[in-house]
Amino acid sequence: MDGPAVELDRRLTAALDERRRQGLWRRTRALRDYDGAEATADDGRRVVVLCGNDYLGLAADPRPAEAAAASLRRGGAGAGAAHLVTGHRPEHAELEEALAAYTGREAALLFSTGYMANLGVVSALAGRGSVVAEDRLNHASLIDAVRLAGARGVRYRHADVEDLARRAGSAGEERGRRVEMVLTDGVFSMDGDLAPLPRLAEAAERIGAVLAVDDAHGLGVIGGGAGSVAATGCDPARVPVLVGTLGKGFGVFGAFVAGSRPLIDYLVQFARTYIYTTAPPPAWAAAATVAVRLAGEEAWRRERLESLVRRFREGASASRLPLGDSQTPIQPVLLGSAERAQAWSEWLERAGLRVSAIRPPTVPEGGARLRVSFTALHTEEHVDRLLAALDEAAARFPVDGEPPG
Ligand SMILES: *Cc1c(COP(=O)(O)O)cnc(C)c1O
């Protein structure tokens, strides 16, 4: 007699076999000695890391690490409780103040991760039964936030403001349900393009909905560091809810919401992912505070990134690589099938370039790609090596309808 434990493993094994057969198997590969541009792979070879989110090259910077070390020595590793119990420390308070100042908002509130920030915001502001409009290509954490909050999601076509207005209109007429919130990535995480924020803000105001922007990939990186709101020329007052993360451009970990004092006070009272979880280690907050300061002070990092992105796009369009329409450090090479994306990725790996393949369900079916991304610590030589290897991959594993590189 097989019990439920054996039956469970049998069911899981069947699902895993299916995943493998579809070419969608994912696994972690440990990297050592990352320096902001290169790292050592598990086989001991040095690889150029060209698919992370450490855009400013701060993740391996010794200064945030030193601040964390000092905090660890002073107060230990753990916060010991949730913020509202006994877990709040001067390090957290200082980071919240730095983030409010950095974003030009009245206040900011820390969350352990961007995933939890989004879940907290959506479930506190648009609970069960509310209607929330969302871009189809929003990050999984926003899609899940709507689902887990029990809200009704109305998905509009990517960056299509007319489609948003149309769907909001029919949701209102047919079901007597007004859209209360519009949710969008600022920079789309897999495509690198920007949401049309001024027009989205206008549409949201017309509908009477609150616009919330998740600027995980924009803050610190574009718009002179002020993110996608500045980069698109949007008035910040029209984006009342701004979500940012600290694990991408700022190179550390964690997330925050920035906005008006009433918004932040409300989230402290009602955002369950803030209330019912242990406060992050104070040392983490100490590191992030330094990283935010460095992102503000060291404008060369953004200038460097811009010039690397320009060099890459010029080279890639000269060899007719299927690039996406992105001016940010996220540069997708659109390859269609998961198998082709995997073949290109493996080819690059042999050339010492780490660019992992992004496959469904992270991107839509047929939308597999290499998501190339740059950091401020990459060199022109890194970019040129990448371009040469991409040319070779194009010759070996051509994209349908395109003459090989
Ligand atoms: C990465 C990301 C998140 C999640 O942030 P974490 O801090 O990694 O949980 C949320 N939104 C967007 C758009 C992201 O790219």
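Cut-offs and rules
Residues numbered from 1 in each chain as written. Predicted model: local features only at pLDDT ≥ 70, side-chain atom pairs only at ≥ 80, totals over all residues. Heavy atoms only, no water. Pairing = 2+ DSSP bridges. Helix = DSSP H or I, 4+ residues; strand = E, 2+ residues; numbered from the N terminus. Salt bridge = Lys/Arg side-chain N within 4 Å of Asp/Glu carboxyl O. Buried < 20%, exposed > 50% of the residue type's maximum accessible area, 1.4 Å probe, protein only. Near = heavy atom within 4 Å. Polar contact = N/O pair within 3.5 Å; in protein donor to acceptor, adjacent residues only side chain to side chain. Areas by Shrake-Rupley, 256 points an atom, 1.4 Å probe, with all protein chains shown as cover. 1 Å grid on protein atoms, 1.4 Å probe; cavity = no way out; pocket = protein on both sides within 12 Å on 5 of 7 lines; lining within 4 Å. Sits in = over half its atoms within 2 Å of the grid points. Phe/Tyr/Trp six-rings, centres within 6.5 Å; stacked < 30°, edge-to-face > 60°. Lys NZ or Arg CZ within 6 Å of the ring centre and 35° of its normal.

J.: What's the story with the sheet that holds strand 10 (residues 330-336) in this structure? I'm lost.
T.: As a general point, the strands of a sheet are linked pairwise by backbone hydrogen bonds and lie either parallel or antiparallel. Spatially, 3 strands are ordered 10-13-12 in an open sheet, and the strand pairing comes out antiparallel. At either margin of the open sheet sits one strand with a lone partner, and together these are strand 10 and strand 12 (357-358). Summarising the sheet, strand 12 and strand 13 (residues 368-373) pair through 2 bridges and their orientation is antiparallel. Across the sheet, residue Ile-358 finds its bridge partner in strand 13, namely Arg-369.

J.: Whenever I open this one, the pattern of salt bridges confuses me. Can you help?
T.: Working definition: two side chains of opposite charge can pair if their charged atoms are close together. All chains considered together, the criterion is met by 27 salt bridges. Note that Arg-301 and Asp-61 form a salt bridge whose closest N and O atoms lie 3.4 Å from each other. Of this pair, Arg-301 sits in helix 13 (residues 300-318) while Asp-61 sits in the loop between strand 2 (46-49) and helix 2 (62-75); the two residues are 240 residues apart in sequence, bridging distant segments of the chain. For the pair Arg-301 and Asp-61, one class covers both residues: buried. Connected through shared salt-bridge partners, Asp-61, Arg-63, Glu-298 and Arg-301 make up one network.

J.: Explanation requested: the site of the ligand in the structure shown.
T.: What surrounds the ligand is a group of 14 residues, the closest being Gly-114, Tyr-115, Asp-214, His-217 and Lys-248. Within the backbone of Gly-114, one N or O atom sits 2.7 Å away from an oxygen atom of the ligand. Note that an oxygen atom of the ligand is positioned 2.5 Å from one of the side-chain N or O atoms of His-217. Bound to the protein, the ligand loses 83% of the 380 Å² it would expose on its own. In this structure, the ligand is accommodated by the second largest pocket. Ranked by residue count, the leading element in the shell around the ligand is helix 5 (residues 114-125), at 3 residues.

J.: Mind showing me how you'd approach the packing of aromatic side chains here?
T.: The description of an aromatic ring pair uses the distance of the two centres, along with the angle that the planes make with each other. Taken as a whole and assessed by the stated rule, the structure comprises 4 aromatic pairs. Arranged with centres 4.5 Å apart and planes meeting at 40°, the rings of Tyr-266 and Phe-270 form a pair that is tilted. Highlighted residues: Tyr-266 and Phe-270, both in helix 10 (residues 261-270), separated by 4 residues, approximately one helical turn. Seen from the ring of Trp-25, Arg-20 lies directly overhead, with NZ or CZ sitting 4.1 Å from the centre.

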